[in-house]
Amino acid sequence: MRVCVYAMAMPTALKALTFLFVLAVLAPDQSEGQHHQPYCPSFSCGPFRNISSPFRQASDPPGCGYPSYELVCSDTKATIHIDNVTYHVSAINDSGSYFWLWVVDADMDLYSSCPLPRWNRPPYSFRVVNDEMEVELDPLSRRQTCFLKCSREVKDNGMYMPVACLSSNDTYVYVLTGYGSCSMEYLEPSCGYLAMTPWPCHSPSCWDYEPLENASYVDVVKSMRIGFAVQFPFRYDRMSRSIKDFLSRFYSEDAISCVLQIIVVDGNFWRCLLDSRVGDDALSVVPFVFLSVKWLAVLCRFVLAPLAVLILLAHKYWKTRITIDAVEKFLRMQQMLGPMRYAYTDITTITSHFRDKLGQGGYGSVFKGVILPGKVHVAVKMLEGNPNCNGEDFINEVSTIGRIHHVNVVRLMGFCSEEMRRALVYEYMPQGSLDKYIFLAKKSFS
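Residues numbered from 1 in each chain as written. Predicted model: local features only at pLDDT ≥ 70, side-chain atom pairs only at ≥ 80, totals over all residues. Heavy atoms only, no water.

In the nomenclature of an unreviewed UniProt entry, the chain corresponds to Protein kinase domain-containing protein from the organism Aegilops tauschii subsp. strangulata. What the UniProt record of the chain gives under Subcellular location (unreviewed entry) is the line "Membrane". (UniProt positions renumbered as here; feature names shortened; annotations may be inferred.)

What follows is the structure, given as structure tokens:
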């Protein structure tokens, strides 16, 4: 009785211990989550009201907003510090397709009458958060005005507009305002990067602003006084940096994203070739050939090769299926006339999982078995599978021996055929095999 009570009390004790363990694990997590989710009230800053994340004030507790989006507020103005440069915030857009704040260099005219833009932040400055790239303070426009410093004067290039007030006898400063002006393809050998400023656009494509094409320095300064838009923080998936990482992502739920990234990269490659008009150069054939070979290899490996394997497997399966169907058709007719048909599970039961082996022949192994009820002893021959055999030998054996009933011929009592596993069930001869007596007699005679 004490044993029964103890056994009944054990599950209750285990449940109590499990509950306490789960409570101990969850309690720190909940307190930690509350610690990292402080109360962040909205605030007013200059002309703006009800400002919230990603913006913050210096007085806000840690965890409120982004440190890089900290605003300095007065009664009439809101400013933000970006890379040690102070910018006036003239507008904040937190609705529509794009979220941005419009900034203007607060001290552009304070230090020089011939100002240079002080924006020196590379595009897509990011930090990795949970395997994603988090981009902060990125210009909304993908187009920039670029300032270059050259050791020699650039001639016969209409994109290079001189900046006389910044140039000297041995140094030449130019401004480029055309599409892709900061691209390496437009950089002269004697020139280097000096400064850049984004274009004043309200969208990445600048559809709402007529871009300055080959504009003078005076026009560029006017656009600098207008300012430009900076996006709110955003995230996007990192592209795979290794083959192992790519394969792990490819065979996961991100496979479609990886394929789309590959297509986008190749699309940009083709667009670059077409835009640069390098088709007249003989060397331009090389990248086209390389890309063609690449996609041909991809087609062969991921389309043609699997298709060939599937066709081969289908052909092999169909050939095996025809052989099995021929044997099955015969066995259905034979079942009404000849020996009894057994399932493979019946054969394993009869032979006690092939425990007692009687001998080995050219066509397979023979095991001793017992058929219940009645305890009829039998000999079960397990035929070895032959890939070149189409089932005719098995059909001949069952059809001929199954119909012979003679006192001097071993009787075929049953058979088994499941897929490529086949067996013949004969009556058991307790005196052993006939070849022992034949060879023994020859030995005595000699």
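From this point, the narrative continues.
(A) A look at the pattern of salt bridges. Under the counting rule described, the total for this entry stands at four salt bridges. For the salt bridge of Glu 70 with Arg 56, the shortest nitrogen-to-oxygen distance reads 3.2 Å. Of this pair, Glu 70 sits in the loop between strand E2 (48-51) and strand E3 (71-73) while Arg 56 sits in the loop between E2 and E3, and the two are 14 residues apart along the sequence. Look at Glu 70 and you get partly exposed, because its relative accessible area is 27%. Owing to a relative accessible area of 9%, Arg 56 belongs among the buried residues under this scheme. Members of the salt-bridge network, linked through shared partners, are Asp 105, Asp 107 and Arg 118. (Salt bridge = Lys/Arg side-chain N within 4 Å of Asp/Glu carboxyl O. Helix = DSSP H or I, 4+ residues; strand = E, 2+ residues; numbered from the N terminus. Buried < 20%, exposed > 50% of the residue type's maximum accessible area, 1.4 Å probe, protein only.)

(B) Examining the UniProt feature "transmembrane region" (unreviewed entry) in the chain more closely. Here, the residues flagged by UniProt with the feature "transmembrane region" (unreviewed entry) are residues 295-314. From the first C-alpha to the last, residues 295-314 spans 27 Å; its make-up is 100% helix and 0% strand.

(C) How the structure looks around the pairing of strand E11 (residues 172-176). When you tally the buried positions in E11, you get four out of five residues, the bulk of the element. Across five bridges, the pairing between strand E9 (residues 144-150) and E11 is antiparallel. Paired with Phe 147 across the two strands is Val 175, which belongs to E11. Bridge analysis of strand E10 (residues 161-162) against E11 gives two bridges, and the strand direction is antiparallel. The residue of E11 that forms the bridge with Met 161 is Val 175. (Pairing = 2+ DSSP bridges.)

(D) Region of interest: the state of the cysteines. A full pass over the atoms with the stated rule returns four disulfides. Here Cys 114 pairs with Cys 165 through a disulfide, and the sulfurs are 1.6 Å apart. Taking the sign of the S-S torsion, 45° for the link of Cys 114 and Cys 165, the bridge is right-handed. Here Cys 114 is found in the loop between strand E6 (100-105) and strand E7 (126-129), whereas its partner Cys 165 is found in the loop between E10 and E11, with 51 residues between them in sequence. By relative accessible area, which is 7% here, Cys 114 ends up buried. Residue classification places Cys 165 among the partly exposed positions, given a relative accessible area of 47%. Covalently, Cys 150 is tied to Cys 191 through a disulfide, its sulfur atoms 1.9 Å apart. Because the torsion about its S-S bond is 105°, the bridge between Cys 150 and Cys 191 counts as right-handed. You can see Cys 150 sitting in strand E9 and its partner Cys 191 sitting in strand E12 (residues 191-198), a full 41 residues away along the chain. The two residues Cys 150 and Cys 191 agree in class, both being buried. Free cysteine Cys 146: the closest other cysteine sulfur is in Cys 182, separated by 3.0 Å. (Disulfide = S-S within 2.5 Å.)

(E) Main features of unusual backbone geometry. Cis geometry is adopted by the peptide bond preceding Pro 54, which originates at Ser 53 and carries an omega value of 15°. Structurally, the position occupied by Pro 54 is in the loop between E2 and E3. Of note in this structure, Ser 352 is not a glycine but carries a positive phi near 55°. Residue classification places Ser 352 among the partly exposed residues on the basis of a relative accessible area of 33%. For His 353, which is not glycine, the phi dihedral falls at a positive 60°. Looking at the secondary structure, you find His 353 in the loop between helix H6 (344-350) and strand E16 (357-360). Overall, the relative accessible area of 64% leaves His 353 in the exposed class.

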